[in-house]
Every structure is written in C-alpha cells, then in structure tokens.
Amino acid sequence: MLHGNIVVTEKARMPGHPAADPDFAADMQSVAQSQDRDAFARLFQHFAPRIKAFLLKQGASLAQAEELMQETMVTIWQKAHQFDPAKARASTWIFTIARNRRIDRLRKQARADVDLTDPALVPDPLEDGEAVVARSEDRERISAAMRDLSHEQLQVIKLCYYSDMSHSEIANQLDIPIGTVKSRIRLAIARIKAALEDA
Amino acid sequence: MEPRHHISEEVLFSYAAGHTSHAFEVVLASHLTLCPVCRERMAQHEAIAGQLMEHEQPVAVNEDSLDCIFAQIAEAGPIAKAPKSRPSGRELSDVPGPLAQLLPHSDLKSLPWQSMVPGVKQFDLTPEGGSDQTLKLLKIAPGTTIPQHTHNGSELTLILHGSYTDEMGRFKRGDIATLDSEVSHQPIADSDEDCICLIAVDGNLKFKGLLPRLLQPIIGL
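Note that the structure is predicted; figures quoted are calculated from it, not measured. (Residues numbered from 1 in each chain as written. Chains lettered and ligands numbered in written order. Predicted model: local features only at pLDDT ≥ 70, side-chain atom pairs only at ≥ 80, totals over all residues. Heavy atoms only, no water.)

**Comments concerning the overall build of chain A**
Scanning chain A for helices and strands turns up 9 helices and 0 strands. N-terminal to C-terminal, the α/β element order of chain A is α-α-α-α-α-α-α-α-α. Counting all 199 residues of chain A, 45% fall into the buried class. Within chain A, contacts between residues separated by at least 24 positions form 58% of all contacts whose residues are at least 6 apart in sequence. (Helix = DSSP H or I, 4+ residues; strand = E, 2+ residues; numbered from the N terminus. Buried < 20%, exposed > 50% of the residue type's maximum accessible area, 1.4 Å probe, protein only. Contact = heavy atoms within 4.5 Å.)

Now the structure itself:
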C-alpha cells in the first residue's frame, strides 16, 4: 500500500541523492524544544520508509518492521531532547534508536550501552576547538564519500553491516562471485579513505 | 588514565551494527565507559551505519502510520525531560554502570565470590537463557599465574582492578583483551592487589573479518 504523500515527498527529495542534506537537525530540535508536529511529520516522511527498509533487511516481517518503525518514531519524539547535533547527524542518532528497539524486541535484555552521566565515566580529554572541528569534519567526509558510492558498492557494504552474512553468503544472495563481493568492498572503502586523506 | 588496550575493529563493528550478545555488550559498554578513544571510534562506526540507513530504498509505510504514531505518543503522555536521578550509592562507585546494574551492590571486593582454584575466585553473571554466552567476574590473587590456555569461541576480558601481564602485554584498569581459540596465553596477576576482570564468552560468535579490517585504517587506531 503506497502512501500518496510519501511518494510525492520522496520525488521532491530525489531518492538516492540526499546530497543537499536537508537540515533534519533543525527539525529534530523543533521537536525537542516545541513538540513541533510539522517538523516531526517531515522526519517521519524521510526516515520512516528507510527505517522500515532497514528493519526488513535485518529479517523482520512486514508487520514487525512496521510496528518496530512506529516504536522507533515514538522513541524519537520522546528522546528528541537527547539529540546533540554537535555530536552526531540525525541519521546516525536515528539509526541507533532503530537498532536498539530491534534488539529490545529480539531478546529479554535491553542493549547494554554507555551512559554519559555514569559516575565511573572517564571523560573525553580536553581538546582544543581545532581538534573538535577536525573530528566533526572527518565524519562529514565519511558521509559525503558514502553518498558518492555506486549502488553495487553500497549494496555489499549494507549486507555486511546489516546481516550476519559471510562474504560467500552475500555472493550467493546476489548471485555474483565472491571475488566480486570482496573487490566491491575494497573499492568502496578505498573511496571513503581517499576522501579522508584529501583533507 | 586512558586505557592502552582497545576493542578490536571486528568486535566494535559488530557492536555498532547490533550483532553482539548481551554478555559482550556489557563488557564493551563497560570498556567504552572507561575509554574516550573507543567512544569516538564507535561514533564513527555508527555514522557509517546511519548513512547506510539513509541510502535505503524507501519502503512504503502503512497509510495510517503517522496517525498511529501520534496516537501512541498521546497515550504515553508528556515527556519527562529531567535526567533520571541516580540510584543512591552510585555516586562514589568506580564500577561502570552497564556492569553495576547487574550486581547486588557496587563494592566488588565484598561480592559473594566462589572459589574455583587456589588464588582464583569467580562471580557468575551469566544471564538466564544465555545458552551460548557466559558473563562472569574473576578475582585473581596477587602473584597467581593462570596456566597456559586457549579459548572456546570468542572471549572479551576487561580489567577493572589491579593488573595482569601475559604474552600480549600488561593489562590495567580499562584495558580490554580480545581472545579466541587461536590465542594461547598465561596471565600473571602482577601487582600487589587482587586483579578483578569482567569476562564474556560467546561460543557462537564468528567475526566477519574483511570489512572491519579494511575500515581499520580509516576509523581504527
């Protein structure tokens, strides 16, 4: 069942080319600060179909993927105030929420994670402003390089990340030789690396 | 002081992707609590995963999806923004939170330790139903040598107190060792205090090597 509005929005955003990098950080903050439902609806339109796709790739059924996606969106609303645009892109933060919801569903124990208010936490060393900027630029470069990867390269990297499949299982699923799987991974990583070295 | 022995790229990759067992997560999250270096590496792995999700071919959601979400939000009620108050007694603890949550109290030395062999005691934390995973604390008396051994499956060891030395070097508070069936070692508790370690074993875990190894020069140490 296609949702009319979503299809129109996706066309407007040119799927596969989010290079303009719409400012979801601003929408996240509007949700956090003023419970802005329009901003939330924009987040929903962009991320919900991708979260659902991500969950399907990890083996959820259609119904489970829809349900977990909805839970993820509810959590995004509830925890929006914890999002810090200086530390992560909205897509990174939303990935971690979806990942954790999925784990919570799969087993009894919640995912064990770092709590930044933990009294035992060893804090980040004090860094000068330059180092902080360099780190966030590195992450931007990783993101930019990934946007430039070919469809085939992205496909194999996704399978490595999302599933517990070995390279030969990936080769089987895509019906390509294992050497091709490996060379696509190598090429993709080389491009990300080159982007960082150009800095 | 920052740890010197860090999480291997394969294990960190697997944790970021959400593929590790609960026992492993407790050890990894405890190391991350003590290690700003690995927290940053973890953030980069998650940034890549976030980009991958960003590049997913969108899948149609249910027609009433957004309405359902707003209904669930309304049902859950207003959001509590105040940070959760810490349980009393945690303020002074140097036990990382992900481990502290599993303990009856946060004084490691006075846990109900069980003797295994002379000089070595353990406190079992294996979760219910964790058939292929174990999680335990080990307390090794000063000067004790653990005989040469290898490991079943994959094993993570995090030092919480004291230190030990083996073929791979000296391990102190915050340091983490990744061990598997190919690693044979003979650790010696080498300070004048008990060496307390948190150990997770995952019998089923096989790390998928190539991608993390290639990522290492980008993200790694």
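So, next bit.
**Some details on the domain arrangement of chain A**
All names here are of chain A. In terms of domains, chain A is made up of domain 1 (1-125) and domain 2 (128-199). If you look at the interface, domain 1 gives 8 residues, while domain 2 gives 6 residues. Summed over both partners, the interface of domain 1 with domain 2 comes to about 740 Å²; 47% of that surface belongs to carbon and sulfur atoms. Among the residues of domain 1 in contact with domain 2, Lys57, Gln58 and Arg89 are the three that bury the most area, contributing 52% of the side total. Where domain 1 packs against domain 2, one counts 0 salt bridges. Looking at the side of domain 1 that touches domain 2 residue by residue, the classes come out as 4 nonpolar, 1 polar and 3 charged. (Domains from an automatic or database assignment. Buried area = accessible area lost by both parts, 1.4 Å probe. Salt bridge = Lys/Arg side-chain N within 4 Å of Asp/Glu carboxyl O. Nonpolar A, V, L, I, M, F, W, Y, C, P; charged D, E, K, R; others polar.)

**Looking at the packing of aromatic side chains**
One pass over the full model with this rule turns up 8 aromatic pairs over all chains. With a centroid separation of 5.1 Å and 25° between ring planes, the pair formed by B:Tyr164 and B:Phe171 is classed as stacked. Assigned by exposure class, B:Tyr164 and B:Phe171 land together as buried. Across from the ring centre of B:Phe70, 3.9 Å away, lies the NZ or CZ of A:Arg37, which sits over that ring. The ring centre of B:Tyr15 lies 3.9 Å from the NZ or CZ of A:Arg111, which sits over that ring. (Phe/Tyr/Trp six-rings, centres within 6.5 Å; stacked < 30°, edge-to-face > 60°. Lys NZ or Arg CZ within 6 Å of the ring centre and 35° of its normal.)

**Thoughts on the sheet that holds strand S7 (residues 176-180) of chain B**
Residues and elements named next belong to chain B. One open sheet accounts for 6 strands, arranged S1-S2-S3-S9-S4-S7; its pairing is antiparallel. The outermost strands of the open sheet, each flanked by one partner alone, are strand S1 (114-117) and S7. Strand-to-strand, the axes of this sheet are offset by a mean angle of 30°, without reference to chain direction. As paired elements, strand S3 (residues 133-140) and strand S9 (residues 195-202) share 8 bridges and run antiparallel to each other. (Pairing = 2+ DSSP bridges. Axes fitted to C-alpha atoms, helices over the stretch in contact; angles between N-to-C directions.)

**Overview of the nonpolar core**
Counting 60 residues, the largest nonpolar core has A:Met28, A:Phe40, A:Ile51, A:Met69, A:Met73, A:Ile76 and A:Tyr161 as its most contacted members. With 9 residues, helix H3 (residues 37-57) of chain A is the largest single contributor of residues to this core. Judged by nonpolar contacts, the second largest core, of 36 residues, contains A:Val114, B:Ala23, B:Val27 and B:Leu158. (Core = buried A, V, L, I, M, F, W, Y, C linked by side-chain atoms within 4.5 Å.)

**Some points on the pairing of S9(B)**
Taken across its 8 residues, S9(B) has 8 buried, putting it largely inside the fold. In S9(B), alternate side chains face the same way, and those of B:Cys195, B:Cys197, B:Ile199 and B:Val201 on one face and B:Ile196, B:Leu198, B:Ala200 and B:Asp202 on the other are all buried.

**A look at the state of the cysteines**
Within this structure, the stated rule accounts for 0 disulfides over all chains. Here B:Cys197 is not cross-linked by a disulfide; its sulfur's nearest cysteine counterpart is in B:Cys195, at 3.8 Å. (Disulfide = S-S within 2.5 Å.)

**Here we look at the side chain of A:Lys52**
Structurally, A:Lys52 can be placed in helix H3. Among the residues examined, A:Lys52 registers a relative accessible area of 2% and is labelled buried. In this structure A:Lys52 touches A:Leu62, A:Ala65, A:Glu66, A:Met69, B:Val59, B:Ala60, B:Val61 and B:Asn62, once residues within four positions along its chain are discounted.

**With respect to the interface of chain B and chain A**
Taken together, the contact pairs 70 residues of chain B with 85 residues of chain A. Buried area between chain B and chain A, summed over both chains or domains, comes out near 7300 Å², and the portion from carbon and sulfur atoms is 63%. Linking chain B to chain A there are 4 salt bridges. Of all elements in the fold, only helix H1 (9-17), helix H2 (22-34), helix H3 (36-54), helix H4 (65-76), helix H5 (97-100) and helix H6 (210-219) of chain B reach the threshold of two or more residues within the side of chain B that touches chain A. Looking at the side of chain B that touches chain A residue by residue, the classes come out as 38 nonpolar, 17 polar and 15 charged.

**Structural notes on unusual backbone geometry**
Residue and element names in this part refer to chain A. With a phi close to 45°, Gln35 is a non-glycine residue in the positive phi region. With respect to the element layout, Gln35 can be found in the loop between helix H2 (24-34) and H3. Under the relative-accessibility criterion, Gln35 is labelled partly exposed at 35%. Unusually for a residue other than glycine, Asp175 sits at a positive phi of about 60°. You can see Asp175 is positioned in the loop between helix H8 (167-174) and helix H9 (178-197).

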